[in-house]
Amino acid sequence: MRSRFDAVLGNSTSQDTVYELLKTEVTSSLFTGYNATVFAYGQTGSGKTYTMEGTKNDRGLIPRLVNEIFNTFKEKSDVTNASVKMSYVQIYQDQIQDLLQSRKLLDIKLDKAGHYIANGALWKDVTSSSHAMQIYTESLKNRATSATEMNLISSRSHALLQFQLKWDEPLAPGSNAKLNLIDLAGSEKVALSGASGEILKEAIAINKSLSALSNVVKALVDQAKDPAKRVHIPYKDSKLTYLLQSSLGGNNLIHFILCLSASILYRNEGSSTVEFGKRALKVVLKPVKNPIDYRRLEEMERMIEQMRQHISELEGKLSQKTAEPLPPAKQGGEEFLAMEIIKQDDAEPQEAETVVKQREAIKAVISQLETQQKSVEERLSEREQEITQLKKGNVRERATLQSQFNEEKRRYTEEMNTLRSNVKRQQECLNEKEMEFKKARDLRARKKSIIHSSKVTSKLRLKTNLELERIYRMLPESLHELTSHCILFPQSKARFRELGGLKKLLGLIDCKGNKGRESYIAHAAYALSIALDEEGRDEVRELGGVAAVSDVLSRTDEHSKQFACRALEALVRGNSKNKEGVVDSVLLGLANLVGTHPHQQVQEAACSALAEIADSQPNIKAKLMKNGLLEKMISLIRDTPPEVADLIKVGVTVIGRLAQQHAACQNEIARLNGVALLVGILFSNVGDRDPQLPVLTAYALVNICCNNKDNMLTLQKHPRYKEIKFKLLEGLGRVFSDNIANENRISATASHVIKDGSNVLFGYHGVTCKSEWSTFTAGGRPTYSTFMENPQFVLHVPTDSNISIVLSDTSCEDKTGRNSSKRKTIYMGISVFNGDRALLCDKGLKQLDFNGKFVTSGRYNRNRENTLSLPLKGSPDPYVIVPFTAHLLQHTSFVLGVFSDNEVEVAQVPEEGGWVKRVFEGRWTKKSGRGVDSFDWRNNDQYVITVSEVTTLVAVLSYRKIDDFRLKQALAADDEEISEDDPRNEEKRERPHLHGRVFASAFAPDKRYVRSNIPSPQNTTFETCNEYLSTSSVKTTMTLHPNNTYVFIPFTETPIEDDYRIAFYSDNDEVNMHPLGLSMEWYAFQYTGIWPTVSDSSPDQSPFLIMKGGGKVVVIGHSKDVYLLLTIYEITDDTWKEGSPVNNNVRTKKLISCDAFWANECVLEAELPQGSCSYWVTLQGIKTAETGEQKPVTAGSFNLAVYVEDIGTSVTSPYTLVPSSLIDRLNAKPENVGYGWEKLITGGIEEVTEVTDEEDDSDDSTFVEEMESKKRNAEVEELKQQLHEKQNLINNLSKEASTTPQPPSRRNSSHSSSRRNSTKVPARVSSGFRGSGSGSNAAKTLRNSTPSTPTSAASVADMTALSSASEQLVKKISSFASLSTVPTPAEFKKLQEDLLQAADKLSVTTRRATAP
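Residues numbered from 1 in each chain as written. Predicted model: local features only at pLDDT ≥ 70, side-chain atom pairs only at ≥ 80, totals over all residues. Heavy atoms only, no water.

Before going further, it helps to examine the sheet that holds strand β21 (residues 905-908). The strand order β17-β16-β19-β14-β21 describes an open sheet built from 5 strands, whose pairing is antiparallel. The two strands at the open ends of the sheet, each matched to only one other strand, are β17 (854-857) and β21. Shown here is a sheet whose adjacent strand axes are inclined to one another by a mean of 25 degrees, direction ignored. One ladder, built from 7 bridges, connects strand β16 (residues 828-834) with strand β19 (residues 879-885); its direction is antiparallel. Opposite N834, over in β19, you have Y879 as the bridge partner. (Pairing = 2+ DSSP bridges. Helix = DSSP H or I, 4+ residues; strand = E, 2+ residues; numbered from the N terminus. Axes fitted to C-alpha atoms, helices over the stretch in contact; angles between N-to-C directions.)

Summarising burial for strand β28 (residues 1046-1052): 7 of the 7 residues are buried, a large majority. Of the two faces of β28, both are covered, the one formed by Y1046, F1048, P1050 and T1052 as well as the one formed by V1047, I1049 and F1051. Relative to β28, strand β23 (residues 943-947) runs antiparallel, the two sharing 3 bridges. Looking at the pairing, I945 lines up with Y1046 of β28. Sheet analysis places strand β25 (residues 994-1000) next to β28, joined by 7 bridges and oriented antiparallel. Bridge pairing links L994 to T1052 in β28. (Buried < 20%, exposed > 50% of the residue type's maximum accessible area, 1.4 Å probe, protein only.)

Before going further, it helps to spend a moment on the pairing of strand β38 (residues 1197-1204). Counting buried positions over the 8 residues of β38 gives 6, a clear majority of the element. Bridge analysis of strand β31 (residues 1083-1090) against β38 gives 8 bridges, and the strand direction is antiparallel. Among the inter-strand pairings, T1088 is bridged to a residue of β38, identified as N1199. For strand β33 (residues 1111-1131) and β38, the ladder comprises 6 bridges, and the chain directions are antiparallel. When the bridges of β38 are listed, V1115 appears paired with V1202.

As a further point, take unusual backbone geometry. Note that the residue after L475, namely P476, is joined by a cis bond; omega there is 10 degrees. Looking at the element boundaries, P476 is found in the loop between α12 (395-473) and α13 (479-488). For S102, which is not glycine, the phi dihedral falls at a positive 55 degrees. Assignment of secondary structure puts S102 in the loop between β3 (95-98) and β4 (104-110). For D1121, which is not glycine, the phi torsion reads 60 degrees and is therefore positive. Position of D1121 relative to the elements: it lies in strand β33.

With respect to the helices, strands and loops of the structure, R573 is situated in the loop between α20 (558-572) and α21 (576-580). Its relative accessible area of 15% is what places R573 among the buried residues.

Reading across from one edge, β26-β25-β28-β23-β30 is the order of the 5 strands in this open sheet, with antiparallel pairing throughout. Of all the strands in the sheet, just β26 (1022-1025) and β30 (1071-1075) have a single pairing partner and so form its edges. Across the sheet, the axes of successive neighbouring strands diverge by a mean angle of 25 degrees, strand direction being ignored.

Attention now moves to the environment of D615. Along the chain, the position of D615 falls in the loop between α23 (600-614) and α24 (618-626). Judged by relative accessible area, which is 18%, D615 ranks as buried. Separated by 46 residues in the primary sequence, D615 and Q661 place their C-alpha atoms 10.0 Å from one another. Among all residues touching D615, those that are not within four sequence positions of it are K579, R657 and Q660. (Contact = heavy atoms within 4.5 Å.)

With that out of the way, let us pick up the packing of aromatic side chains. Going through the model one piece at a time under the given rule, you end up with 32 aromatic pairs. Ring geometry for F39 against F256: centres 4.8 Å apart, planes inclined by 15 degrees, an arrangement best described as stacked. Pair noted here: F39 is in strand β1 (residues 35-42) and F256 is in strand β11 (residues 252-259), with a separation of 217 residues, a long-range link. On the basis of relative accessible area, F256 is assigned to the partly exposed category, the value being 28%. Summarising the aromatic geometry, the rings of W937 and Y1009 are spaced 6.3 Å apart at their centres and angled 45 degrees between planes, so their arrangement reads as tilted. Of the two residues, W937 is situated in the loop between β22 (916-924) and β23 and Y1009 in the loop between β25 and β26; the sequence distance between them amounts to 72 residues. For W937, a relative accessible area of 1% gives the class buried. Residue Y1009 is classed as buried on the basis of its relative accessible area, which comes to 4%. An aromatic cluster is present here, built from F787, F833, F850, F854 and F884 joined pairwise through their rings. (Phe/Tyr/Trp six-rings, centres within 6.5 Å; stacked < 30°, edge-to-face > 60°.)

Bringing helix α27 (residues 663-671) into the picture now. For α27, every residue scored as buried is listed here: C665, Q666, E668 and I669. Taken down its axis, α27 places every buried residue within 165 degrees of arc, on the same side. Packing partners of the buried residues in α27 comprise α24, α25 (629-639), α26 (645-659), α28 (674-682), α30 (692-705) and α31 (709-716). N673 occupies a position one or two residues after α27 and carries a positive phi of about 65 degrees. (Arc of directions from axis to C-beta.)

Here is the structure:
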C-alpha cells in the first residue's frame, strides 16, 4: 500500500521534528487571524497522547505551542491588550464534560457567531505558558483513563483543549483567533483489548464516535467533488462531530497527525487510519479570517464627529473676540497672583518672559515681608512701653484708654468685615472664571486625543480599502471573503462598485459554457445580493443584470435557484425600473417554486423575491393573482407545519404585500377564507417560535381589511375582535412607521374612518414621529439616573381611547432583516407616565421627575421593534411617552407611531433650549459620609445655590460607581457584559437608600448649614426633599426664589464610604451653585457629659458652657429620647471672674432661647455683639415619665456642640472636650472632608451639536493661547486687581488696629488655648489655572495675617520663631526666583508646596508675636 502525505515520520523521530513541521503553519495562521485545529488520530496505544503532551523532559505539541504563543506576543512590539483564555473539555461516552469544573456536564449550543460550542464551559484567563500548563496539568487528573491489554494508560475520552487569543494591533484592533488541540481516543478491537464491563461500554462509545467522524469526512469529500450537489453532512450523529462541526466544515485550518502501530498484529487498524487520512486530504477547506472587532472604532468615530463640531463652535466664539484689545499688564505685587498662567505642558520659549515677570513680583512680595517684619518689631517695642505706663497710671486713665481702644477696635472691625465680605465676593467670581478656563483646557486635551484617534481611524479605513482591492483581484476564488467583507463593512459596497466589481460579478454569473467558471455561478449571485448598493442597482440594470440573474433561476441545482431569488430580491428593492424589467416567465417561474420545490430555503427565497417585486406594482399584482399565486400562498400557510415558522412568515408577507392598495387582491383573499386563516395565526402558539410572525400577520390584516368595508364587517364578527382591534392599530403603526423611514420624513399624521351608512365600522387616528437616541440622549432604562434624558413625546388624549404605540429601530437593520455591523444588541422599551402640563406644555421642557406618575411600561426586547397597547382615560392633562434603550450611549434612529380609535395629538418635546445641566461629583468619606439620622450629618458635603429669578431646579443624586458600571455595560459587547450574579456587578451590591434635602440658609449663608435636617416645629428652614427612596438614584424637585441662599445636602440612610454624583437641572442659566469649601467652615467645639442627678431643671443646675467673644454662633444640644431647651445669657456682673461658676447670685441677662423643648436635638442660632463679653449657655432637659408627667432628666449622656464664626471666640466647659466628630475649619482636610467638585460635561439634556468627520487642522498652541490669554487677560486680571486693592486696605487697617493700645487679657481656658495653639491654620487650596493654588493662597495668607487670637504677650521665643519663619520663606522664594529655565509641572508643584508651608509658619508666629 502506497500513500502520499505531507510528511512521514518514523519511530526515531524526535518531538522537536514534529513540532518544527507544524509550528510555522499553526502560529502564522493564528496571528493572521485564522483559526487552527490539530487532530491526533489513530488506534489505541499508537502514541497520540504522547505526541500531544509528551513527558516532563520531552515535551509534546501542547506545551511547545503554548510557549510559542506567549513568546510571539512578547516579540511583537506593536501588539497591545493581548489576552489568552483556555478551555478544556472531554467527550466521554457521548457526554460532554468540563475538565476545568470537575467533569461538569455540558450541552451544545449555537453561539452568536454561528459556531457550535460547549455551553457553560469555563474559560480561564492565563497570563503565561507556565500558568497555562499548570491549569492543564491539574485538569488532566479529571480525564478518563483505564488500563487495557493494549495500553496500560489508555485515554477513554476525546479531549478538546481550546485557546482563545485576542490582541490589538495599530491597524487591526480587536484581532482574535482560536487554537483547537484535539487528542482523540483510539479505536480498538474488543477481542484484542480485552475490554469488559464499564471499559467495554467506553470502547463502544469511542468506536461509534470515531465512525461518525469518518462518515463526516467522507460526506465532506463528496461535497467537494460536486459543489452543486446537496450532500447531507451527518454532524449530529455524534457529540464529537456535533461539537467539531465548526472546525471540520467551518473556517479552520486543520492539521491531522495520524499515529500508526508498527506491529503486524494491528495492520488492519493501521490501514483504516491511512484510509481516513487519504480521505481527509481531499476535504476542501474554506478558511475565513476572523472579523476584526470594529465596535470601539465606530464609537470613537461618533465621538469624533460630536466633539469636533463642539470644538469648532467654541473656536468660532473665540474668534469673535480676537479683535478686542488686551488690557495693559499689571505692575507690582499683584503679579504674584499671575503664577496661575504658567503652562505646565508644552511650554513655549516666549513664556520665559512671563516667568521673569513672576520673579519680579515675588521679589516685591519679599520686600513687603521685610517691611512687615520691621513693623512687627516696632509695634512690639511700643507695646512694651505702653504696658509699662499702664501699670504706673491710675484707674481713671486706664478706663479712658480702655474706652478709646474699644471704640477704635469696633470701628476697624466693622470696616474690615465689610472689606472681607467684598473680597470674598470677588474671590468667588475669580474662582468661577478659573473653573471656566479649566474646562477649556480639559476640552483642548480631549480635542488632541480625538485628532489622534481620527488619524488611527483613517489608517484603518485605508487598510479596509486595501483588503477590498485584494479580494477584487482574487475573484472568483475570494467570493466568500467578499460577502463577509461587505456584511462587516457596508461602506465598502460603493468602493467595490467603483472598482468595477459588479461588472465582474455579472461576468461570473453569465458564463454559460465555461465549465471552469460554472461552479461559481451560484456563489456569484449570492455575492451580488450582498454587495449591491442603491447606485449599483441602476448600474446592474444597464449591464443586463436582471436578465442574467433570471437565467440562473432556470438552473436545476437548489443553490442556484435560492441565490438567484436572493439576487433578484436585492436588484428590485426600491427600484421600480428593475421591477418592470422582470419578465412574465420569471414571475411564473418564481410562483411555480412556491409550494412545489422540495427544499424549504428555495421556497422562502422565492416568496421573498415575489413580495419585493410586487410591492407598489399593481400590474404585477394582477398578473400574479391571475396565475393563481394567492391560492398557492393560502395553501402554503395552511399546510405548513408550525415548526417551519420561517416559511409561514414569508407567506404572510407575500399576502400582505399583494393586498396593499389593491382591492381585487383583498377581495380574492377574503373569498379564499384568508382573513380567518390570518386571525388564527394571530392567536396561535406559532408566534412563540418567532415573535415577528404575529407582527407580520397584523400588518397583512391591516392591508386586507382597513380599507375594505366588506372585509372589516367579516372581521368584526370574530369573537375576539376587541383584541384584534389592538393588533390592527399596531399594524397601522408599523405601516406608517415604515413609510416615514422609507420616505425620510420627520413626522406624519393619518386618519381614516370606514362606515356602513351612518355606522362607523372602524376608525383610526395616528401620528408617527422620527427621532433618535444620540450619545447624549440615550439615558437608559427607567431605573437609571439619566432616564429623563431620553427623547420624550407629549400625548394629548381628549376622550377615552384605545392606544397602540409602535417603536421601530430604523438604522440597525435593513429591510432584509440582516444584522448590521454593530456588535452591541439594542434593546428598546416604551414607558407611559402622567405628564406635567406646566413643564411639557407651558415651558416646553422635558419632564424630569416621574415618581408617582407611572402609568405603564412595555417590556424591552431585542427585536428592533417594540409595541405597547393600552386603554387611556381622557384627560385635560397630557401623558408623556418615553422610548428608551436598555443601555446608555446607544446611538440609533427610531420611529414612534401612536395609533388610536379616537383623535389624539402627539408632539416631541424639543431638545434645544431645554434644561441647563451641571454635574458635580464627590465622595462620602469616613468623616463626611454620615447617615441622615446621625448627629454629625452636618459633616456631609453641601452645595450652595443662589438664583436671580424664580427657578425650578431638579437635583438627581446617584451612586457614581453604579452609573459608571452601567456605562461600562453599555460599551461592552454582548458576550462581555457582566452577569447579574457576578461579584463585580455594582448594581447588586447592597447600599443604603439615598436622600437629597434642600434648606434655606438665612442665618449664615456664607457658612456650612448646621441648623436641622428635618422640618422643625417652628422657624423651619427645611424646603424640600426626595419623595421616593431608592438605592440607585433619587430626584429632588425645588422652586427657588431670588435673594435667598439655599443648600442642597446629599445623604444616605446609614453611614457609608462611597462616591456620589449630583446632576442639577435648571430651567434657566442664571443659577449660581458651588460646593461648600474650606472658607465656609465654622470653628467647632464638641463636649460630652452626664446629666446631673439633681431633680431640679433650673438653668444653674443644668449643663452649661461659657463663651467669650462675639459674632455668629450656633449651639446644638443632643440627647436621645430627651426634650431639650437651650438658652444664652449675657453675664453682666462685674464681680464675676472668668473660671468662676455661674449661679443665681451672678447677674445675667437673657439674650435668646428656643421657643419650646425639642425632641432629641435642640439648635439655637445667635449673633452676639463683638467685644470681650462673656456668655452663659445652658441646656435643660426633661423626660416624660410612664405616668405622663414631665420630669427633669437625671440619667444618661448628652452632647453639646458649638459652631463659632470668629477664631477669637473662646469656649470653656467643665465637661470633656472630646475629639470632635464635626468638621472644623482648623482641621478640615480634603482627604477627610472630600469637598465635591464640578465635572465637565459635553452633553446631556442641553443642546449638543453634531460634528463633522473632517480632520481638524487648527493649531493647538493658537487655541490654547486664545483660551488662556485673551479671555483670561480680558476678564480675570481686572478681578485680581480689585482683589489686591481690597487686601491692601485690610492690611493697612490691620496695622492701625494692631498699634492701638489694648488692655491685657487672660488666656483662654486650658481646653481652648491648647487646641488653638497646637493647630496651624492652613490656607485654602482652590482649583484654578495651572500653577494656581498654593502660591497665590500663600500671598493671601500673608496679607491676612492679622492678630485674631489673644494669647500671651510677645516673648523672646516668639521673636526667634518669627525671625526663623521669615528667613525660611525668603530662602524658599529666592530659590524659586533663581531658576534659569521654566520649571516642570512636578518642580513647580513642589516649590509651591514649600512656599505654602513657609507662609503658614510665618502666619502662625506673626499671630503669636502680635497678640497682647
